[in-house]
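What the coordinates show
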Amino acid sequence: MKTLLLLLSLILSTTSHALCVNSDKTRLRSRPDAKSKISWTVPKFMPLLQVDRKGAWIQVKDVDGAKHWVHAKYVSSKLDCAVVKAKTANLRVGPGTNFGITDLGRARKYSAFQKVDRDEEWLKLKDDYGQVHWAHENAIWEPRSRSRVSF
């Protein structure tokens, strides 16, 4: 019985899940209601961190730590996404400063990408047009699922 309670506690104590916006121009809301104020409109591949859920609505945190609500149909846990958290991020053709800059050059803060791979501290990113870029992890935010264990 004690083991069962411990396992149940571990399952129920998960506090956040990494999510990825799977639709263009998704509206984040101030409350879990389609008629509530729009707090931010985000592009496809914007990463978010789930912190709560009410029915089909998910409360999320963004790259700046602000909380919003999004309808579940506009996010997925099956994609890995990342967003520029620095003022700008150099986008390179390979994983390192010895590689040249891509045609896009730099990405501004809040530019969102699908995360494809990682090579140590370099992230391989794909934009909405399918172009691949590499950026250093210091300029990027990629939420991670976290669990809290309580006894």
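Residues numbered from 1 in each chain as written. Predicted model: local features only at pLDDT ≥ 70, side-chain atom pairs only at ≥ 80, totals over all residues. Heavy atoms only, no water.

1. Things to note about the overall build of the protein
For clarity, the threshold we go by: Under the scheme used here, helices are H or I runs from DSSP no shorter than 4 residues and strands are E runs no shorter than 2 residues, and both carry numbers assigned from the N terminus. Here the term buried applies to any residue with accessible area under 20% of the maximum for its type, exposed to any over 50%, and partly exposed to those in between, with areas from a 1.4 Å probe on protein chains only. When checking whether two residues touch, look at their non-hydrogen atoms; a contact exists if any pair is within 4.5 Å. For the area figures, the Shrake-Rupley method with a 1.4 Å probe applies, and any residue is considered shielded solely by the protein chains shown.
Looking only at helices and strands, the protein features one helix and 15 strands. Across the 151 residues that make up the protein, the buried fraction comes to 37%. Here the contacts in the protein between residues at least 6 apart in sequence split such that 53% fall between residues at least 24 apart. Accessible surface computed for the protein: about 9,300 Å², of which carbon and sulfur atoms make up 49%.

2. Let's talk about the confidence of the model for the protein
This is how it is decided: Scored from 0 to 100, pLDDT records how confident the predictor is in each individual residue.
Looking at the protein as a whole, the pLDDT averages 90, with 85% of positions reaching at least 70. Below a pLDDT of 50 lies the segment residues 2-14, which in the model reaches 11 contacts outside its immediate sequence neighbourhood of four places, other chains included.

3. Quick look at the packing of aromatic side chains
Heads up, the rule is: Classification of ring pairs rests on two measures: the distance between centres of Phe, Tyr or Trp rings, Trp counted by its six-membered ring, which must be within 6.5 Å, and the angle between planes, read as stacked under 30 degrees, edge-to-face over 60 and tilted in between.
Going through the model one piece at a time under the given rule, you end up with one aromatic pair. Residues Trp 40 and Tyr 110 carry aromatic rings whose centres are separated by 5.2 Å and whose planes lie at 80 degrees to one another, so their mutual orientation is edge-to-face. Highlighted residues: Trp 40 in strand 3 (residues 38-42) and Tyr 110 in the loop between strand 10 (101-108) and strand 11 (112-119), separated in sequence by 70 residues.

4. Considerations on the side chain of Asp 127
The criterion, for reference: Positive charges come from Lys and Arg, negative ones from Asp and Glu, while His and the chain ends are left out of the count. Any Lys or Arg side-chain nitrogen located within 4 Å of an Asp or Glu carboxyl oxygen qualifies as a salt bridge.
Relative to the assigned elements, Asp 127 resides in the loop between strand 12 (122-126) and strand 13 (132-136). As a buried residue without a salt bridge, Asp 127 has its nearest oppositely charged side chain in Lys 126, at a separation of 8.4 Å. Residue contacts for Asp 127: discarding those within four places in its chain leaves Phe 45, Leu 104, Phe 113 and His 133.

5. Some points on the nonpolar core
Where we set the bar: Buried residues of nine kinds, namely Ala, Val, Leu, Ile, Met, Phe, Trp, Tyr and Cys, make up a nonpolar core once their side-chain atoms join them within 4.5 Å.
Counting residues in hydrophobic clusters, the biggest one holds 17 residues, and the most contacted among them are Val 21, Met 46, Leu 48, Ile 58, Val 60, Val 70 and Val 75. Looking at this core, the elements that each hand over two or more residues are strand 1 (14-21), strand 5 (57-61) and strand 8 (81-84). Among the elements that line this core, the one with the most residues is strand 1, at three residues. Judged by nonpolar contacts, the second largest core, of 11 residues, contains Ala 82, Val 84, Phe 113 and Ala 135.

6. So, unusual backbone geometry
Residues other than glycine predominantly adopt negative phi, and peptide bonds predominantly adopt the trans conformation. In this structure, Tyr 110 is a non-glycine residue whose phi angle is positive, near 75 degrees. The class for Tyr 110 is partly exposed, based on a relative accessible area of 30%. Despite not being glycine, Glu 120 shows a phi value in the positive range, around 55 degrees. Residue placement: Glu 120 occurs in the loop between strand 11 and strand 12. We classify Glu 120 as exposed; its relative accessible area is 64%.

7. Brief notes about the environment of Gln 59
You can see Gln 59 is positioned in strand 5. Accessibility expressed as a relative area gives 15% for Gln 59, which makes it buried. Taking the C-alpha atoms as reference points, Gln 59 and His 71, separated by 12 residues in sequence, lie 8.9 Å from one another. Each residue touching Gln 59, except ones within four places of it in the same chain, is listed here: Leu 49, Gln 50, Val 51, Asp 52, Lys 67, His 68 and Trp 69.

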